[in-house]
Amino acid sequence: MIPYSDTTLLDRIAPRLAGEGDDSGPGGPDDGQVGTATKTRAKPKKPSQFKVLMLNDDYTPMEFVVMVLKRFFNMDLEQATRVMLHVHQKGVGVCGIFPYEIAETKVNQVMDFARQNQHPLQCTLEKA
């Protein structure tokens, strides 16, 4: 416990709270006028969103694509299978939409994982 002197913090700030000892009275810097200080804030801009796209190839096994979708895009088995079939039939499919840094990280993770497993799976991103 910190010992207090005879003057407590409240004793020191009480005159300020009561308006004593400042220059806000007549003849002071603001001549007794009351004003409101306002501060304008810029609205934070939402980050640009990017689609992570998976491209079809004739060599990567469907099971591997499903595993990638579950592992890196947190899809359940049904959703991952649906996206994998879409990629297989249409040639390209959206895995998710993210801010740029996250989308770029996911593309790199998928590409690295595919290379480590000797698959030519391709993943890219485009502005949403």
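Residues numbered from 1 in each chain as written. Predicted model: local features only at pLDDT ≥ 70, side-chain atom pairs only at ≥ 80, totals over all residues. Heavy atoms only, no water.

Asker: Can you help me understand the side chain of Thr 60 in this one?
Answerer: Here Thr 60 shows up in the loop between β1 (49–55) and α2 (62–73). With relative accessibility at 10%, the residue Thr 60 sits in the buried group. In this structure the side chain of Thr 60 is engaged in a polar contact, spanning 3.4 Å, whose partner is the backbone nitrogen of Leu 121. Contacts of Thr 60, omitting those with residues within four sequence positions, involve Val 65, His 119, Pro 120 and Leu 121. (Helix = DSSP H or I, 4+ residues; strand = E, 2+ residues; numbered from the N terminus. Buried < 20%, exposed > 50% of the residue type's maximum accessible area, 1.4 Å probe, protein only. Polar contact = N/O pair within 3.5 Å; in protein donor to acceptor, adjacent residues only side chain to side chain. Contact = heavy atoms within 4.5 Å.)

Asker: Looking at this structure, I do not really get the environment of Phe 64. What am I missing?
Answerer: Here Phe 64 lies in helix α2. When its relative accessible area of 6% is taken as the criterion, Phe 64 is described as buried. On a C-alpha basis, the gap between Phe 64 and Asn 117 in space is 9.3 Å, while along the polypeptide they are 53 residues apart. If we skip the residues at most four places from it in the chain, Phe 64 touches Phe 113, Ala 114, Asn 117, His 119 and Leu 121.

Asker: So what exactly am I meant to see when it comes to unusual backbone geometry here?
Answerer: Outside of glycine, negative phi angles account for most residues, and trans bonds account for most peptide bonds. We note that Asn 74 has phi near 55°; this positive angle belongs to a residue other than glycine. Inspection of the secondary structure assignment puts Asn 74 in the loop between α2 and α3 (77–90). Even without glycine at this site, Gln 118 takes up a positive phi of about 60°. Within the secondary structure layout, Gln 118 lies in the loop between α4 (100–116) and β3 (122–127).

Asker: How do you make sense of α3 when you look at a structure like this?
Answerer: Every α-helix winds through 3.6 residues per turn, so residues three or four apart in the chain are directed the same way. Taking 1.5 Å as the rise per residue, α3 with 14 residues should run 20 Å; its terminal C-alpha atoms sit 20 Å apart, in good agreement. Looking at α3, one finds that the buried residues are Ala 80, Val 83, Met 84 and Val 87. Mapping the buried residues of α3 onto a view down its axis gives an arc of 100°, with all of them on the same face. Away from its buried face by more than 90 degrees, α3 exposes Glu 78, Arg 82, Gln 89 and Lys 90. The elements touched by buried residues of α3 are β1, α2 and β2 (92–99). A positive phi of about 95° marks Gly 91, the residue just after α3. (Expected span 1.5 Å × (residues − 1). Arc of directions from axis to C-beta.)

Asker: Which parts of the structure should I look at to understand the pattern of salt bridges?
Answerer: Pairs can form between side chains of opposite charge whenever their charged atoms are close. Counted under the stated rule, the structure contains three salt bridges. Here Arg 82 and Glu 78 are joined by a salt bridge, their closest N and O atoms 3.3 Å apart. With Arg 82 and Glu 78 both in helix α3, this residue pair falls four residues apart, about one helical turn. Judged by its relative accessible area of 51%, Arg 82 is exposed. Under the relative-accessibility criterion, Glu 78 is labelled exposed at 57%. (Salt bridge = Lys/Arg side-chain N within 4 Å of Asp/Glu carboxyl O.)

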